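Summary of structural features
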Amino acid sequence: MEVLSCAAVGFHGRAPFPRTAACAVLILLGGATVRGQRAAFQDLASELAAKIAAVVAPAGAVFVTSIPVDAADEAPLRQVAREVARVLTARGDRLVAAEAAAAVVVTVGCSTNLRERACLAEVRRADTRQVVSASKADDGRTSGDADPILALEAVPLFAQRAAILDLAPLGDRLLVLDPAAITLYSRADEGWQRVESRAIGPARVWPRDLRGRLRVSGRAIEAFLPGAVCRGPVDLSGLTCVDEREPWPLAVDNAGIDAARNFFQTPEGVSFVGAAALGADSDARWALADPSGTLMLMDERRKPLGAIGSSDDVAGLTARCHPGAAYLLASARTIRGAAQRVDLQADTDTLRLLRVVGRRLLTAATPFVLPGRLTALWAAPGASVATVVAHDAGTGRYEAFQVSISCVR
Amino acid sequence: MKRFRSAFPAFASACLAAVIVSAARPQYGGTLRIDTRANIRTLDPAASPSDVVEMAASNRIAPLVFEPLVFVDPAGGLKPLLAASWESQSGGKRWRFRMRGGVRLHDGTPLEPWHAATSLRGVESTWTIAADGDAIVIDLPQPQPSLPWELTDRRHAIAVRRTPTEMIGTGPFRIDRIDAGRVWLRAHDSYWSGRPFVDIVQIEMGRSFAAQLTDLEVGRADLIELQPTDARRLTQRGLQVAASRPLDLFALVFEPHRAGSSSEPLRRSLARAFERVALCNVLLQGRAEPAETLLPAWLSGYAAAFAAPAGLPLSRSAIMRLPVDQRTLMLRVEAGDALARSIAERIAVDARESGVLVTVQVPAGLAPRPDVRLVRVELDATSPDRALARVMAALGSRTIALATNEPAPAIGAPLDVVLRVERALLEASIVVPVAHVPELYGVGERVDEWDAQPVTATGGWNLANLWLKPSAPEARVRP
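Residues numbered from 1 in each chain as written. Chains lettered and ligands numbered in written order. Predicted model: local features only at pLDDT ≥ 70, side-chain atom pairs only at ≥ 80, totals over all residues.

**Looking at the overall build of chain A**
Assigned secondary structure in chain A consists of five helices and 28 strands. Looking at chain A as a whole, 46% of its 409 residues are labelled buried. Long-range contacts, defined as pairs at least 24 residues apart, comprise 55% of the intrachain contacts of chain A with a sequence gap of at least 6. (Helix = DSSP H or I, 4+ residues; strand = E, 2+ residues; numbered from the N terminus. Buried ≥ 20, exposed ≤ 12 C-beta atoms within 10 Å, placed from the backbone. Contact = placed C-beta atoms within 7 Å.)

Here is the structure:
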């Protein structure tokens, strides 16, 4: 297996444990091929569309449909079908929404066999059926180009005994939000060194499952807490906190968190713990983890579309190697047997990298076992890095990681 | 620098262990015991046994000994094996294969390009093959753009004849001896891709499925051939079942007197009369896939809906109006194929619901002429054009002539041509696909694998990757 490059972030207080060791961990975690990404057919779309156009009489009523061979092929197949529709429309064909209204029905299918990636189209007109194809051979010299392997890459960033609600790396500095204060650290030879700390005042009674979010905009920071917001400059001078319920910087519109609760609500009143925006290959606009641990889909009008799985929390993540695709970083309790095998406390969570295609949930990388229960999972909308905090009950520490998607081609 | 005292080592090991379930390092040595129904007389790559069971087993064992220049990657595409790279000239009329360095034959001598050239000349008399430096050059009478696919065939594996009876190759195992009941293979210590873990592979031949199951359960065998109908029995005992992708096709083939156009509605009705999904899920215990096409989608690359015939079946009332002799069919299965018999009986039950009276015939000696046969065709894990051509060859020219006038797809034919031929074959419902079944194997308790499954997706045996756990006694090897 090829070696992944590990992010150049230091190990706070962990110098003797070499970075290469962490890399080794991550490389082994990256063993899963992503079926959802395996086959890309976009490069075949133009050729197929041209061949279809050659056998379809112009200016007709055409119905374009598709047949996926495999659920993982669904998203790329949609792209090909869209390209076919675009080409036919551009030359004057009229696309109709129902087969019954069409003079010509074009059925597109794309898949792989041992020889090639291929797209086929059946052009059906009255009693005649004609098939055209476009393919790209996999002859051993070109293989792998379209097959990135995804892995979750987790870089340990910071640890402390107090709960870490969120943190924000700022070059050589690091802002850490905990239940009592916001602290600014600076990188030193031996790890992070405290520079400044400001209490979040005045003292409040927080919910037991306290959540908090940092947002850095230029030289200003905002700390969002249940029923409160703190604002000030990055150097923390003049930080002030006020009791107000503000929308948090999440993927979906929200009204923040009530002072005594740990979940958000959309403007329509749908409760959720975490949210992620979805890509164009999904039938939905957002995925939400609701307070009962259900992963549900929501359309662009923020109307729930139903459950597609389970997850205690979720955030959106993008992959640099796969522009346009949206992934979900979702957490769930580690399966009991797995926790025992890995000699962890039974109470651990596992991070999963998922993708929603249509309304199907596809696994995109090997799951990642955290050293304890997940206490925070945040990613800015469109971000390629997420902040993950886990509480290791064995050591009594909160461990913060930066999690991103690594690609191997 | 502070000493590292965080939870990260635990985290790291946790992640490692979460991925590598079995943490023990593999151990070398021991005898891996395999059962097979086949009676193998030779592993010569050029031999073509007429017995299908022998051919199937030989196709799995011979590649352990003799390797080709190129092989089909189970994940798709071709991968170099004894050839490190290849290139073509003159539109595929001339090919140059640069040989991999550091490969040793089973007698310890280096594999030279002339060995490969001599071996290939033995099976391809019309090709001009010559060694050229570290490569071999193949000149073909006609351009063949897909020659590397051709070279993945078993018969193109490189075999060096030392004496009239002794052949050696470069594979992970060498032939120790073959006698009437057993084949012994020994680990090739200088194998270019790393010595296998086990010392010896002992293959017990001529074992029925029932005897193989018993051998596995009492610890007399480590790897056995398995029928889908027995898979649950093994998993319930905590034993592992290894499987390929679907590589066997079960299909109904109508006899000439039932292949006319007048019988087509009845054929179509039978084709729609049985529940393929239930057959695969219940009878075949979820270890098979319903087949609407000859090639499964993973081999063809197109959905079944593209190839399935468009005609409609008769309604039950229309079938019931037919004279009894017209809606009565004798379905023949091979006497030795218990799985085929089970499938045929299930088809007969379902067909009766639709008004088609099917009687299953298992001939022993002379038997009345059947109307339809349930055939089992071994599929080749290769390109779709080759796979379909070989299915057509296996069905026989007589059946193919009844079904279509289309010739087999030419080598290298594009996918739309393959689909057109398959569609034509299925159009008249003279050949009716029933199920695609994988090759299944039961794996014994003491067998573990290193970094890949015992059986590849394309059916290959990955024996070099298996090792034997030391806790289980090495005893009970047959004398």
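**Observations concerning the sheet that holds strand β5 (residues 94-99) of chain B**
Residues and elements named next belong to chain B. Read from one edge to the other, the open sheet built from four strands follows the order β4-β5-β7-β6, with strand pairing classed as antiparallel. Two strands in the sheet have a free side with no partner beyond their single neighbour: β4 (83-89) and β6 (128-132). Averaged over all neighbouring strand pairs, the angle between strand axes comes to 20°, with direction disregarded. Strand direction decides the pairing type here: β4 and β5, joined by six bridges, are antiparallel. Bridge pairing in β5 places A83 opposite M99. Sheet strands touched by helix α3 (residues 113-121): β5, β6 and β7 (135-139). Its angle to β6, the strand with the most contacts, is close to 175°. (Pairing = 2+ DSSP bridges. Axes fitted to C-alpha atoms, helices over the stretch in contact; angles between N-to-C directions.)

**Quick word on the sheet that holds strand β1 (residues 61-66) of chain A**
Residues and elements named next belong to chain A. Sheet architecture is open: five strands sit in the order β2-β1-β3-β4-β5, paired in mixed fashion. The two strands at the open ends of the sheet, each matched to only one other strand, are β2 (94-95) and β5 (128-137). With two bridges connecting them, β1 and β2 associate as parallel partners. By the bridge assignment, V62 is partnered in β2 with L95. Seen against the sheet, helix α4 (residues 74-90) touches β1, β2, β3 (104-112) and β4 (116-125) and runs at an angle of roughly 145° to β3.

**Side note on the confidence of the model for chain A**
Residues and elements named next belong to chain A. With 84% of its residues at a pLDDT of at least 70, chain A reaches an overall mean of 82. Mean pLDDT per element in chain A: helix α1 (residues 19-29) is the minimum at 30, and strand β8 (residues 173-177) is the maximum at 96. Between residues 1-38, whose pLDDT stays under 50, and residues either more than four places distant or in other chains, the model counts 94 contacts. (pLDDT = per-residue confidence, 0-100.)

**Brief notes about the pairing of β3 of chain A**
Residue and element names in this part refer to chain A. Among the nine residues of β3, eight are classified as buried, and the element is accordingly described as predominantly covered. When β1 meets β3, the two strands line up parallel, connected through five bridges. Note on β3: the bridge partner recorded for S66 is V108. In this sheet, β4 lies alongside β3 in antiparallel orientation, the contact comprising nine bridges. Counted as the bridge partner of T112 is R117 from β4. Counting the residues in the hairpin turn of β3 and β4 gives three residues.

**Thoughts on the environment of D371 of chain B**
All names here are of chain B. Looking at the secondary structure, you find D371 in the loop between β17 (357-361) and β18 (372-378). Between the C-alpha atom of D371 and that of V253, which follows or precedes it by 118 residues, the distance is 8.7 Å. Look past the residues within four positions of D371 in its chain and what remains in contact with it is F254, E255, R258, L329 and M330.

**Comments concerning helix α3 (residues 42-55) of chain A**
Residue and element names in this part refer to chain A. Over its 14 residues, α3 runs 21 Å from end to end, which matches the ideal 20 Å to within 8%, given 1.5 Å per residue. All of the buried residues along α3 are L44, A45, L48, A49, K51 and I52. An end-on view of α3 places all buried positions within 165° of arc, on one side of the element. Looking at the buried residues of α3, the elements they touch are α4, β3, β4 and β5. (Expected span 1.5 Å × (residues − 1). Arc of directions from axis to C-beta.)

**A word on the pairing of strand β6 (residues 149-160) of chain A**
Residues and elements named next belong to chain A. Counting buried positions over the 12 residues of β6 gives 11, a clear majority of the element. Alignment of β6 against strand β28 (residues 397-408), held across 11 bridges, turns out to be antiparallel. Opposite A154, over in β28, you have V403 as the bridge partner.

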